[in-house]
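What the coordinates show
Take a look at the letters that make up each chain.
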Amino acid sequence: MKLLEPGQVIDGFLIGERIHSGGMAQIYRVSYAGPGASDPGFPMVMKVPRMTQGDGAENIVSFEVEHQIMQLLQGSHVPRWVAAGDLATLPYLVMEYVPGRTLQSWLDADALPDLATLAQLGAATARAVHSLHKQNVCHLDLKPANVLIRPDGTAVLLDFGLSCHAH
């Protein structure tokens, strides 16, 4: 899969800078390209799965699982859902861009946070997971890189590609 270019327009979304390049996906800032689209009131990102020759089916399955589950989730502990692209043309997910730091970045810092801060981070993560479970979803890939802490201390769970919904 080739990388998207800033300024490119896809399905009415104006591609901005690439902000993450991971093993499974590229993430770009996006906005609506035309004046006719209603602003959702929050910044957005587009997640484009990596699908190159030789990749296994797990990339497509993961994308489809995340696509289905993200549409069902609500609350402050998950990014807000916007849109998805067609697998036949260009698969992508557009969702809220959530500012903050991942738990992984806290762990990778030169000095670990004090015990009170660690307890707050743990409690925020537990509240986010509880919110997910109340919505009948099990994350199944909970790790520090998939937990984002907003500036207000709220935890947001990311990457639902391995998740499971009870229904």
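Described in the following lines is the structure provided in the data block. The model shown is predicted, which means the values in this text are computed figures rather than measured ones.

**A closer look at the sheet that holds strand β9 (residues 147-149)**
In space, the three strands of this open sheet follow the order β7-β9-β10, with antiparallel pairing throughout. Two strands lie at the open edges of the sheet, namely β7 (101-102) and β10 (155-157), each paired on one side alone. Where β7 lies against β9, two bridges are found, and the strand directions are antiparallel. Pairing of Thr102 across the sheet is with Leu148, part of β9. Of the strands in this sheet, β9 and β10 touch helix α3 (residues 115-134), which is tilted by about 45° from β10.

**As for the pattern of salt bridges**
One pass over the full model with this rule turns up six salt bridges. Of the charged contacts in the structure, one is a salt bridge between Arg80 and Glu96, with a shortest N-O distance of 3.1 Å. One end of the pair, Arg80, is in the loop between α1 (58-70) and β5 (81-84); the other, Glu96, is in strand β6 (residues 93-96), with 16 residues separating them in the sequence. A residue is classified by how much of its surface remains accessible, and Glu96, at 6% relative accessible area, is buried. Connected through shared salt-bridge partners, Lys47, Glu66 and Asp159 make up one network.

**Structural notes on the layout of surface pockets**
Quantified by volume, the largest pocket comes out at close to 880 Å³. Around the largest pocket, the lining comprises 36 residues; the ones closest to its centre are His20, Ile27, Lys47, Leu158 and Asp159. Among the secondary structure elements, those contributing two or more residues to the lining of the largest pocket are β2 (13-21), β3 (25-32), β4 (44-49), α1 and β6. Among the elements that line the lining of the largest pocket, the one with the most residues is α1, at six residues. For the lining of the largest pocket, the per-class residue count stands at 20 nonpolar, nine polar and seven charged.

**What about the sheet that holds β6?**
Spatially, the six strands line up as an open sheet ordered β1-β2-β3-β4-β6-β5, and their pairing is antiparallel. In this open sheet, the two edge strands, each paired with only one partner strand, are β1 (9-10) and β5. Across two bridges, the pairing between β1 and β2 is antiparallel. Of the residues in β2, the one forming a bridge with Ile10 is Phe13.

**Details of the pairing of β3**
Inspection of the sheet shows β2 paired to β3 by six bridges, in the antiparallel sense. Across the sheet, residue Arg18 finds its bridge partner in β3, namely Tyr28. Hairpin connection of β2 to β3: three residues between the antiparallel strands. Relative to β4, β3 is paired through six bridges, and the arrangement is antiparallel. Opposite Tyr28, over in β4, you have Met46 as the bridge partner.

**Notes on the nonpolar core**
With 21 residues, the main nonpolar core has Leu73, Leu132, Val147, Ile149, Ala155, Leu157 and Phe160 as its most contacted residues. Listed by contribution, the elements that provide at least two residues to this core are α1, β6, α3, β9 and β10. Contacts of Leu157, omitting those with residues within four sequence positions, involve His77, Val78, Pro79, Ala128, Val129, Leu132, His139, Leu142, Asn146 and Val147. Counting 14 residues, the second largest nonpolar core, distinct from the first, contains Ile15, Met44, Val48 and Ala83.

**Some words on α3**
A rise of 1.5 Å per residue sets the reference length of α3, with its 20 residues, at 28 Å; its end C-alpha atoms lie 28 Å apart and thus fit the reference within 8%. Taken together, the buried positions of α3 are occupied by Thr117, Leu121, Ala124, Thr125, Ala128, Val129, Ser131 and Leu132. Relative to the axis of α3, the buried residues are bounded by an arc of 155° and lie together on one face. With respect to the buried face of α3, the exposed residues turned more than 90 degrees away are Leu115 and Lys134. Put simply, Asp114 is the residue that caps the front of α3, since its side-chain oxygen is 3.0 Å from the backbone nitrogen of Ala116. Immediately downstream of α3, the backbone of Asn136 shows phi near 65°, a positive value.

Definitions and limits used
- Residues numbered from 1 in each chain as written.
- Predicted model: local features only at pLDDT ≥ 70, side-chain atom pairs only at ≥ 80, totals over all residues.
- Heavy atoms only, no water.
- Pairing = 2+ DSSP bridges.
- Helix = DSSP H or I, 4+ residues; strand = E, 2+ residues; numbered from the N terminus.
- Contact = heavy atoms within 4.5 Å.
- Axes fitted to C-alpha atoms, helices over the stretch in contact; angles between N-to-C directions.
- Salt bridge = Lys/Arg side-chain N within 4 Å of Asp/Glu carboxyl O.
- Buried < 20%, exposed > 50% of the residue type's maximum accessible area, 1.4 Å probe, protein only.
- 1 Å grid on protein atoms, 1.4 Å probe; cavity = no way out; pocket = protein on both sides within 12 Å on 5 of 7 lines; lining within 4 Å.
- Points joined across faces, edges and corners; volume = space filled by probe spheres on them.
- Nonpolar A, V, L, I, M, F, W, Y, C, P; charged D, E, K, R; others polar.
- Core = buried A, V, L, I, M, F, W, Y, C linked by side-chain atoms within 4.5 Å.
- Expected span 1.5 Å × (residues − 1).
- Arc of directions from axis to C-beta.
- Polar contact = N/O pair within 3.5 Å; in protein donor to acceptor, adjacent residues only side chain to side chain.

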